[in-house]
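Here's the letter readout for the chains.
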Amino acid sequence: AQSVTQLDSHVSVSEGTPVLLRCNYSSSYSPSLFWYVQHPNKGLQLLLKYTSAATLVKGINGFEAEFKKSETSFHLTKPSAHMSDAAEYFCVVSDRWRDDKIIFGKGTRLHILP
Amino acid sequence: DAGITQSPRHKVTETGTPVTLRCHQTENHRYMYWYRQDPGHGLRLIHYSYGVKDTDKGEVSDGYSVSRSKTEDFLLTLESATSSQTSVYFCAISGRGQDTGELFFGEGSRLTVL
């Protein structure tokens, strides 16, 4: 069965410095991968998605992620953090060729230091 | 925004009572999902549906049942609520094609079991 591991439960960066949120996945077939963001007391918003097209995926608000099959990773990056990026981020895997489950990681809470 | 409504949005109940949460969509999407969100656990899949009367278990299905008699409605039932089922419950829908796996969420239902 597919699974997702987010390697850090909390990440703290200073405003203006790069952001790296790490995600490793396990999937038997060709996965679709997603990053969602949830701001405090808000709903979930899609940041970006990989669905077997280009391996470098650009999303909203300057975020991007690179699908690396050999490393089974899909890390989320942003060149320069902004205070408004403080939120919880979820890596998600879907393996529609195997079953219809869509599985979330446990989340990484991103803190932005002034 | 995708047309998804959850009801009730808030509910307080006592241990041992049955509870039903309703998810209603106006998007005619085939796939519907129920997740629970708890701190430190991210979103965990409870049950999902891939069509009318077609459902399957997710990661944490014990103590929960679902039904889908119409495309637009997906019901989650706690037969006998326990305090461990205190959580925020999210319904989500998904289409097919290039957006395979992309989820659209309801606003959540906060359940407290005393």
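Coordinates for the structure precede this section.
S.K.: Would you mind going over the pairing of strand S4 (residues 31-38) of chain B with me for this structure?
M.R.: Each regular strand carries side chains that alternate between the two faces of the sheet. Residues and elements named next belong to chain B. For S4, the buried fraction is high: eight of the eight residues fall into the buried class. Side-chain alternation along S4 places Tyr-31, Tyr-33, Tyr-35 and Gln-37 on one buried face and Met-32, Trp-34, Arg-36 and Asp-38 on a second face that is also buried. Hairpin remark: S4 followed by strand S5 (residues 42-51), antiparallel, with three residues in the connecting loop; positive phi at Gly-40, about 85 degrees.

S.K.: Is there a simple way to explain the pattern of salt bridges in this structure?
M.R.: Two side chains bearing opposite charge may form a pair once their charged atoms approach each other closely. Scanning the model with the defined rule gives 10 salt bridges over all chains in all. The partner of Lys-49 of chain A in a salt bridge is Glu-102 of chain B, and the shortest N-O contact between them spans 3.0 Å. In this pair, Lys-49 of chain A sits in strand S6 (residues 44-50) while Glu-102 of chain B sits in the loop between strand S9 (87-94) and strand S10 (103-105), so the two residues belong to two different chains. Residue class for Lys-49 of chain A comes out partly exposed when judged on its relative accessible area of 26%. Under the relative-accessibility criterion, Glu-102 of chain B is labelled buried at 10%. Among the charged side chains, a network of salt bridges with common partners joins Arg-22, Lys-70 and Asp-73 of chain B.

S.K.: How do you make sense of the interface of chain A and chain B when you look at a structure like this?
M.R.: How big an interface is tends to be stated in terms of the accessible area lost upon association of its parts. Contacts between the two partners involve 19 residues from chain A and, on the opposite side, 24 residues from chain B. Put simply, chain A and chain B have one salt bridge between them. Viewed at the interface, chain B and chain A are joined by five residue pairs in polar contact (both at pLDDT 80 or more). Every element with two or more residues in the side of chain A that touches chain B is listed here: strand S5 (32-38), S6, strand S10 (87-94) and strand S11 (102-104) of chain A. In terms of residues, the side of chain A that touches chain B owes the most to one element, S5 of chain A, which gives four residues. Of the residues that constitute the side of chain A that touches chain B, the class distribution is eight nonpolar, five polar and six charged.

S.K.: Just checking my understanding: could you explain the environment of Thr-55 of chain A for this structure?
M.R.: Residues and elements named next belong to chain A. Structurally, Thr-55 is set in the loop between S6 and strand S7 (56-58). When the C-alpha positions of Thr-55 and Phe-104 are compared, they lie 20 Å apart, and in sequence the two are 49 residues distant. With sequence-adjacent residues up to four places away left out, Thr-55 is seen in contact with Tyr-50, Ala-65, Glu-66 and Phe-67.

S.K.: Looking at this structure, I do not really get the environment of Ile-93 of chain B. What am I missing?
M.R.: With respect to the element layout, Ile-93 of chain B can be found in strand S9. For the pair Ile-93 of chain B and Gln-6 of chain B, spaced 87 residues apart in sequence, the C-alpha to C-alpha distance is 12 Å.

S.K.: Looking at this structure, I do not really get the packing of aromatic side chains. What am I missing?
M.R.: By convention here, two paired aromatic rings are described through the distance between centres and the angle between planes. With the rule as written, the count across this model stands at 16 aromatic pairs over all chains. Within the aromatic cluster, the residues linked to one another by ring pairs are Phe-34, Tyr-36, Phe-90 and Phe-104 of chain A together with Tyr-33, Tyr-35, Tyr-48, Tyr-50, Phe-90 and Phe-105 of chain B.

S.K.: What's the story with the nonpolar core in this structure? I'm lost.
M.R.: When a protein is soluble and globular, its nonpolar side chains tend to lie buried together. Formed by 45 residues in total, the largest nonpolar core has its most connected members in Trp-35, Tyr-89 and Phe-104 of chain A together with Tyr-35 and Phe-105 of chain B. Tallying contributions element by element places S10 of chain A first for this core, with six residues. Residues contacting Phe-104 of chain A, with those up to four places away along its chain left out, are Val-4, Tyr-36, Leu-44, Phe-90, Cys-91 and Val-92 of chain A together with Tyr-35, Leu-43, Leu-103 and Phe-105 of chain B. Grouped together as the second largest cluster of nonpolar side chains are 18 residues, Ile-4, Val-19, Ile-46 and Ile-93 of chain B included.

S.K.: Can you walk me through the pairing of strand S11 (residues 109-113) of chain B in this structure?
M.R.: All names here are of chain B. Here S11 shows one buried face, formed by Ser-109, Leu-111 and Val-113, and one open face, formed by Arg-110 and Thr-112. As paired elements, strand S2 (residues 10-13) and S11 share four bridges and run parallel to each other. Along S11, the bridge assignment pairs Lys-11 with Leu-111.

Calculation rules
Residues numbered from 1 in each chain as written. Chains lettered and ligands numbered in written order. Predicted model: local features only at pLDDT ≥ 70, side-chain atom pairs only at ≥ 80, totals over all residues. Heavy atoms only, no water. Buried < 20%, exposed > 50% of the residue type's maximum accessible area, 1.4 Å probe, protein only. Helix = DSSP H or I, 4+ residues; strand = E, 2+ residues; numbered from the N terminus. Pairing = 2+ DSSP bridges. Salt bridge = Lys/Arg side-chain N within 4 Å of Asp/Glu carboxyl O. Contact = heavy atoms within 4.5 Å. Polar contact = N/O pair within 3.5 Å; in protein donor to acceptor, adjacent residues only side chain to side chain. Nonpolar A, V, L, I, M, F, W, Y, C, P; charged D, E, K, R; others polar. Phe/Tyr/Trp six-rings, centres within 6.5 Å; stacked < 30°, edge-to-face > 60°. Core = buried A, V, L, I, M, F, W, Y, C linked by side-chain atoms within 4.5 Å.

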